[in-house]
Amino acid sequence: CRLIFKHLFFKFQGKNYFNDFEICVISGILIFTFGHMFKRLVPAGRDFVDQKLGEKLSKIFMRLILFIGFLLVTIGYHQKEYDIYFYFAPAWLTAITHALMLVSVALLSVGHRIFGHASRLQKHINHPMLTAAVVWCIAHLLINGTLMAFILFGSIGVWATIQIYLLQIWEI
């Protein structure tokens, strides 16, 4: 992780501006988002991988890529020795964050059938799991004012928003 991304992408005029844990998190986020958006951005590439490896093996390959991205994010986030604080959240914001997390969990259940019946909200919310991810990211950004939180949760929120947009274009 360090050798590839630090020397290729994160050097500017010979100076290193990122630490190892930041490089792991950023590279993990890039791998994770590429794995999720690969089918939408490069449909011919996904078909090519399906033809070369077979459908079952290509799904295993994509799951492995997503797991590697998730693993890099987890390792990098837990390796941090320090963090840069942009703000400290007031105590009353915790209640709003908890309410948003409940909304996020409720949105996750909108797409599923409960006791054989679909939710009425499914007509109004096109992509409930991605919308839940956006609400989840907003909740975490409200309470965590650190640089790593902005990098991690902000990028996941941007990814979910772009994914919703790509899915809406794909459906038209």
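### Notes on helix α3 (residues 43–53)
Restricting attention to buried positions, one finds in α3 the residues G45, R46 and V49. The arc that holds every buried residue of α3, seen down its axis, measures 100°, which confines them to one face. Exposed residues pointing more than 90 degrees away from the buried face of α3 are listed as A44 and Q51. Directly beyond the C-terminal end of α3, a positive phi value near 90° is found at G54.

### Observations regarding the packing of helix α6 (residues 128–143) against helix α7 (residues 147–171)
Packing of α6 against α7 brings their axes to within 9 Å, and their N-to-C directions diverge by 155°. Classified by the angle between their axes, α6 and α7 sit roughly antiparallel to one another. Where α6 crosses over α7, the two elements pack in a sense that is left-handed. Facing α6, whose interface residues are L130, T131, A133, V134, W136, C137, H140 and L141, α7 presents A149, F150, F153, G154, I156, G157, W159, A160, T161, Q163, I164 and L167. A class-by-class count of the residues in the contact of α6 with α7 yields 14 nonpolar, six polar and no charged.

What counts, and where the lines are drawn
Within each chain, residue numbers correspond to sequence positions counted from 1 in written order. pLDDT decides what is reported in this predicted model: residues at 70 or higher carry local features, side-chain atom pairs at 80 or more are listed and counted, and totals for whole chains, interfaces and linings draw on all residues regardless. Values shown for side chains rest on all heavy atoms present in the structure; no hydrogens or waters enter the calculation. Residue exposure (1.4 Å probe, protein chains only): buried if accessible area is under 20% of the type maximum, exposed if over 50%, otherwise partly exposed. Helix numbers and strand numbers start at the N terminus; a helix is a DSSP run of H or I with at least 4 residues, a strand a run of E with at least 2. Throughout, the arc means the angular range of directions from the helix axis out to the C-beta atoms. Inter-axis angles, ranging from 0 to 180 degrees, are taken between N-to-C directions of lines fitted to C-alpha atoms, where helices are fitted over the stretch in contact. Orientation is classified from the angle alone, with under 35 degrees giving roughly parallel, over 145 giving roughly antiparallel, 65 to 115 giving roughly perpendicular, and any other angle giving oblique. Two helices cross in a left-handed way if the nearer one is turned anticlockwise from the farther one by less than a right angle. They cross in a right-handed way if the turn is clockwise. Should any heavy atoms of two residues lie within 4.5 Å, those residues are considered in contact. When residues are sorted by character, Ala, Val, Leu, Ile, Met, Phe, Trp, Tyr, Cys and Pro go into the nonpolar class, Asp, Glu, Lys and Arg into the charged class, and all the rest, Gly among them, into the polar class.

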